[in-house]
Amino acid sequence: MGYYKKNRDFHEARWDEPFIMEMGNPGERGVLVPQASEKVRERSGEASKLIPAGLLRKKAPALPELSQMQVLRHYMRLSQETIGTDINIDIGLGTCTMKYSPKIHEQLVRAEKFQELHPCQDESTVQGILEVMYKDAQYLKAISGMDQVSLQPAGGSQAIFANVQTIRAYFEEKGEADKRDEIITTILSHPANPGTAATLGYKVITLYPDENGLPDLAALKAAVSERTAALMITNPEDTGIYNDRIRQFVDIVHEAGGLCVYDQANLNGVFGLTRARDAGFDMCHYNLHKSFSSPHGCQGPGAGAQCVSRELAQYVAAPTVEFDGTKYYLDYQRPDSIGKLRAFYGVPSVLIRAYAYIRSLGPDGMKSIAELSILNNNYLIKKLLKIKGLSMPFAEGRFRMEQARLSWQELTEETGVTTDDICRRIVDYGFQDYFTSHHPRVLPEPFTPEPVETYSKDDMDEYAAAFAAIAEEAYTQPELVKGAPYKAALGARIEEECLTDWSKFATTWRAYQALGK
Amino acid sequence: MERSFVHPYMPNSVPEVKQQLLDELGVKSVREIYESIIPKDLLYKGRLDLPEPIHSEYELKKHVTDILNKNISTEEYASFLGAGCYKHQVPAICDEINTRGEFLTAYCGDTYSDHGKMQAIFEYASMMGELLDADVVSYTTYDAGQSVCSSFRMAVRIQSAAGKEKSVILVPDTMNPDIFSQADAYCRNVAEIEKVPHVPETGLLDMKELKERLEKGNVAAVFYENPSYLGFFEEQAEEIARLAHQYDAVCIAQPQVSSLGIAESPMNLGADIVCGDIQPLGMHLQYGGGQAGFIASRQKLEYMEQFPTYMYGIARTDKEGAYGYGRAMNYRCSHGSREKANEYFGTETGLWGITAGVYLASMGPQGMYELGETILLNLNYLTLRLNELKGVKANPFGRSNFQEVLVDFNDSGKTAGEINRALLEHRIFGGKDLSREFPGLGQCALYCVSELTTQGEMDALVDALGQILR
Amino acid sequence: MIRIGLVVNPVAGIGGKVGLKGSDGEDTVQKALELGAVMESGQKALIAVRLLNEVKEQITVYTCPGRMGAEVCEAAGLCYKLAGGDTAGGQELSSAGGQERPSAGGHTTSQDTRCAVERFLAAGVEFILFAGGDGTARDIMDAAGTEVLVLGIPAGCKIHSGVFALDPRRAGELAVRYVRGKVRGTKEAEVMDIDEEEFRRGRVQSRLYGYLRIPDEARMVQNLKSGSAYSEQDSIDRLSDYIVDNWEPETLYIVGGGSTTASIMRKKGLPNTLLGIDLVYEDRVIASDCTEREILKIMEKYARIKILVTVIGGQGYLFGRGNQQISAEVIRRAGRENIIAAASADKMLNFVGRPLYADTGDEEVNQYLAGYMRVIVGYGDFVMVRVN
């Protein structure tokens, strides 16, 4: 019991795989395509004659020509050069909630009865998927305390966007849209909050944290006015510190006539312990691919949920999924709705996984997620803070929720080794690189671990031991850390100006070739 | 006492292990931790109103499968549905690769540790570049709608950066209505989106009207789809681009990617920004969950600066012949620079980008040509056969179509909805009923085929319609 | 070859540890030495200069004799050329070994620093690394202006200017990055200094003296989900656009000094006094470089008044440093609600958990200004900061 590997002799796969455009030979085929039947060909004639003359492709696209095994092998190798949650202790990507994505869910979403459903099918033929979506929405109501849910958003940021659209719709209805043109947020809230607000033309007023690391309440009081449309705030913020004055924040904004939007992307430590609506919020959102266990898929597809109070129910993104007692249906009859956010109905595969996840855990299991992620986090923090050079700014001695923002500032000052160096070095120990901080870096040399409930004590011990070893290296042989990684899939150091200088920048192979000329 | 709940996803739910952690922290219970940080009045006193857990994996699978079995899939019924989501052959290796745990569960690792992912995404963009004949291809967006929305805003920014305050976006009135409403909401504070009518007889964009609108001098961009939402090729593509440029407007086009092995890319017809959806390139239907967007342009700085998404760039390394990749120039994005960003964005559809790469590498130029060929032949056959029916007019505009064709039931005495319901009896999903989206067209439906549609299915459809409309 | 100039103010910081709060003026230096002070700036410079060995093939180092640079180069094992150093000496000496050429009086003066910079410029130096404090930065600025790129190795008692790296090691690292062509951007940074006479009497009176051009470290490639990546100038451009787009008619604008307000004025297409106060009305500068009295007089004629200021210095002064002409009386008459404060988002990040200051010399007005204020950091983009 309690065994974990120290100084794992790790090396990531390194295939030195050529670029796909350079592989294969003219004439090779990776897959054959169904052909039209004899009779169809007979009646339709030449395909090229069925296209208006000017629109016929003049030069075939220069795609690679490869046989099937060779394509497969290439991508298998690339997959091996990628460190997913399935193969590492993925504690480092804090705020991303890199929990285990149950494999049974993958079997479920690969059912033909789901994969091959067309979104425009008659509702009578999609009762199963609609039931799943409807029940998801009911569960999210229970978790948030809100009254209406839309599963339209294709990701967390789009859900936040939907909430900003709802703010606009609400004040337009009240005839106050022109007057209320300011949205207040905090510097440690997710950048999508100011990002979406600005996308819709709102002015953004940002609050800094006070000395305790929580958003400055006095600053909020000074910021609100008759121009305030809303407060958009994350809790806990990336620091993991629970904002215990959150109710006061809400009250101040409500008194000024504004709405309050809760960014609940960091839900994992909150399940069943506290609810957005109970804190007085008018809206919140969830990232269903995070706390509800969908695999992150190299950045998507994810899914988001928009949850609102009764007063705002009429505005949510359409369609919603409803149930009339006998059948499930898509409700488009929402004249005040902010409309559609995404093609069709959000990302149903993520919704199936969320459904299965909630069903496999039940009310007590969901609460256990929160409890264990809080427990894990505080345990890991305690371990990590024994490491020389690593500290946890703000609110000393206070427990954190499910994640924490730590700082290597002291180590950097003493050794010159920065968080970016350590972030590369940790890969040599067999871990994915870690998340430092959203922009901007309010705390110097940040590091934000999030040891969610699916990691064991041994996992955390191994993780902490690796950082202790790296800190030791930083103090004794800093150049070793600065030169890292050595054992990652890419064994050479990139020339960064290729990514920062527009004149050297290429997003495609053809553009890169052209730059060389 | 806290409940002990040992679950396979939670190793530290084992009471002894949990106790070790608690001891280390010097607390008696987790409750003690969270009660010290969450105010009492905010603590949820109740038990979440969720159903009791399903105990085992097998039972869970059975439970969910039982629900999903209430669905009828397009493998069971012949489907003529498209309208933005298309059933194509999905090569087995696409599924094989995108279910690999490494890709499936990776997220935002970077240049060195996720080298394979970065290369796969750069390769995707590179192959899209070939298919589109474009130098710059974005990282995947949420869907075609998002790509269109962002392309519109890009155009406004491009104009604004050039010192021109132009904010009107002209679009065909036949465009995808969902995407239109998405774009209308998304661009509201920066642009006005105006519909340009089609010529009633041909369905094509009314060029005279287009010119008149352009002459006002306030047009930032002209947008067209090719093929249009209603299935016909916009034959005036080159002329639209020429006119747009004459009035200093950006030309934005949305092609159907599955057509590009045989049909010309809008890039070669004068378009400046090309955008659309990659769902046809290896993604299953998934009830609309396989959508993912792209945005592309030429290698022109004034365009590249305005992309609102991540872009994956290639970088030389200190080793000859070895390349690395990185997300670059992200000061344009909301992750990079908060509200000074052009637009917001977040976790989008990376896995579908990688999958589309596998698809294009498998298909090659020959596969893409044959794909387009089969679709054209099948659609033409279906059109001919439908027109044998009395009261049915397929392709009323008399144009060349790709993949989808408008079918006019106005003379049949039945609504498109009634017909579709009747077709279900024949185990057929009829084309999408357009009577709500395009009331002006009356009772019309949009019929879609692909390379998977068999002659047998088409003949069965015609037979069924024959019976229904008898 | 990239030509780098190195100048060390050997007496920088000498007064600090013996409690003299600075080392400007020969008497102070003498006094410090008598009190047993040790010249440490050379040691600090050495930390940075050693790192230059990483790129020694790509650079030619020009420096001054003895403690003003040559000794440091020798200790670092770095080849150098002398570009003169004493106030009298003229010709450039080429030497790998260097020779002791103490300047007049055995320690250096401001004049030596200025002279060295002039010779660097004559030798075609493109990047000057200097070790010293605010006083040294002023001397460099007097001689160099913003034509040449400069970076300070912090070695003085007073480091209020924005031209210094965080510590000597980082100064060296940034210089190396510059040589390797990895630093693309540059930015103007404030040269601040306090009046040492006043300082020694316990009164802090820092002033904005001007600007030097320094390399801008902001890197553009970052981990996903992190990434500081826009430049400081980008933020200033955007806030300038915002202020110009929202410029109010029939309003007298009292425009404070500093490079941020200068940028706003440039956007507005108006001339500007970098370190002085200009008055603008309806797209026209109606008075330049005004005194308090002039401002008060002109104010009388206008009903609507705005004061446009930026945040000055590392300590963050809205009033009282570099814009003393906008006096307590001016502020009282204009009203707090008519103050527009603007600064780059990067700069404002220094004030997380720290207040800005207003030191108008009038306690009542200071109190009046205290409290939270919005600072414009971008287009329609504000932060709330406390003013003390």
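If you're wondering where the values come from, they're calculated on a predicted model, not measured in any experiment. (Residues numbered from 1 in each chain as written. Chains lettered and ligands numbered in written order. Predicted model: local features only at pLDDT ≥ 70, side-chain atom pairs only at ≥ 80, totals over all residues.)

Caption draft 1: Spotlight on the overall build of chain C. A count of helices and strands for chain C gives 13 helices and 17 strands. Each of the 388 residues in chain C was classed as buried or not, and the buried ones make up 55%. When contacts within chain C are restricted to residue pairs at least 6 apart in sequence, those whose partners lie at least 24 apart make up 66%. (Helix = DSSP H or I, 4+ residues; strand = E, 2+ residues; numbered from the N terminus. Buried ≥ 20, exposed ≤ 12 C-beta atoms within 10 Å, placed from the backbone. Contact = placed C-beta atoms within 7 Å.)

Caption draft 2: Examining the interface of chain A and chain B more closely. In this assembly, 182 residues from chain A lie in contact with 180 residues from chain B. In terms of residue count, helix α10 (residues 348-384) of chain A provides more of the side of chain A that touches chain B than any other element does, 22 residues in total. Across the side of chain A that touches chain B, the residue classes break down as 92 nonpolar, 51 polar and 39 charged. (Nonpolar A, V, L, I, M, F, W, Y, C, P; charged D, E, K, R; others polar.)

Caption draft 3: Quick look at the packing of helix α13 (residues 350-386) of chain B against helix α15 (residues 455-468) of chain B. All names here are of chain B. Between α13 and α15, the least distance of the axes is 10 Å, while the angle of their chain directions is 20°. By the angle class used here, α13 and α15 are roughly parallel. When the axes of α13 and α15 are compared, the crossing they make is right-handed. Across from Tyr381, Leu382, Arg385 and Leu386 in α13, the residues of α15 making contact are Gln455, Met458 and Val462. (Axes fitted to C-alpha atoms, helices over the stretch in contact; angles between N-to-C directions. Parallel < 35°, antiparallel > 145°, perpendicular 65-115°, else oblique. Left-handed = near helix turned anticlockwise from the far one by under 90°.)

Caption draft 4: The arrangement of the domain arrangement of chain B in detail. Parsing chain B into structural domains produces domain 1 (11-59), domain 2 (78-86 + 367-468) and domain 3 (92-360). The C-alpha-based centres of domain 1 of chain B and domain 2 of chain B are spaced at 56 Å. (Domains from an automatic or database assignment.)

Caption draft 5: Inspection of the packing of helix α5 (residues 127-144) of chain A against α10(A) at higher detail. Residues and elements named next belong to chain A. Between α5 and α10, the least distance of the axes is 9 Å, while the angle of their chain directions is 60°. One element, α5, and the other, α10, form an angle in the oblique class. Regarding α5 and α10, the two cross each other, and that crossing is left-handed. Residues Ile129, Val132, Met133, Lys135, Asp136 and Tyr139 of α5 touch α10, and the partners they reach there are Pro348, Leu351, Ile352, Ala354, Tyr355 and Ile358.

Caption draft 6: Broad picture of the environment of A:Ile246. Residue and element names in this part refer to chain A. With respect to the element layout, Ile246 can be found in helix α9 (residues 246-255). By C-beta crowding, Ile246 is classed as buried, having 25 other C-beta atoms within 10 Å. Taking the C-alpha atoms as reference, Ile246 lies 32 Å from Ser101; in sequence the two are 145 residues apart. With residues up to four places along the chain from it excluded, the contact list for Ile246 reads Asn235 and Ala279.

Caption draft 7: Quick look at helix α16 (residues 509-516) of chain A. Those residues of α16(A) not exposed but buried are A:Trp509, A:Arg510, A:Ala511 and A:Tyr512. Residues of α16(A) that are buried in the fold lie against α6 (115-132), β2 (136-137) and β9 (311-316) of chain B.

Caption draft 8: Expanded view of the domain arrangement of chain C. Residue and element names in this part refer to chain C. Domain annotation for chain C reports domain 1 (2-216) and domain 2 (232-387). At the interface, 12 residues of domain 1 touch 12 residues of domain 2. Going through the elements one at a time, β7 (185-194) and β8 (206-216) are the ones with two or more residues in the side of domain 1 that touches domain 2. Tallied by class, residues from the side of domain 1 that touches domain 2 come to three nonpolar, four polar and five charged.

Caption draft 9: The arrangement of helix α9 (residues 259-268) of chain C in detail. All names here are of chain C. Across the 10 residues that make up α9, a large majority, seven, are buried. Looking at α9, one finds that the buried residues are Ser259, Thr260, Thr261, Ala262, Ser263, Ile264 and Met265. The positive-phi residue at the C-terminal boundary of α9 is Gly269, with phi of around 75°.

Caption draft 10: Fine view of the pairing of strand β6 (residues 149-154) of chain C. Residues and elements named next belong to chain C. With six of six residues buried, β6 lies mostly within the body of the structure. On β6, burial covers both faces: Leu149, Leu151 and Ile153 on one face and Val150, Gly152 and Pro154 on the other are all buried. Following the chain from strand β5 (residues 127-132) across helix α5 (residues 134-144) to the adjacent parallel β6, one finds a crossover that is right-handed. (Right-handed = clockwise from strand over helix to strand, strands pointing away.)

Caption draft 11: Broad picture of the sheet that holds β2(B). All names here are of chain B. Spatially, seven strands are ordered β2-β8-β7-β6-β5-β3-β4 in an open sheet, and the strand pairing comes out mixed. If you trace the sheet from one side to the other, it starts and ends with β2 and β4 (192-196), each paired once. Across two bridges, strand β6 (residues 250-255) lies against strand β7 (residues 273-277) in parallel orientation. Residue pairing for β7: Ile252 is matched across the bridge by Ile273. Strands in contact with helix α9 (residues 207-215) are β3 (168-172), β4 and β5 (219-226); relative to β4, the strand with the most contacts, it is inclined by about 150°. (Pairing = 2+ DSSP bridges.)

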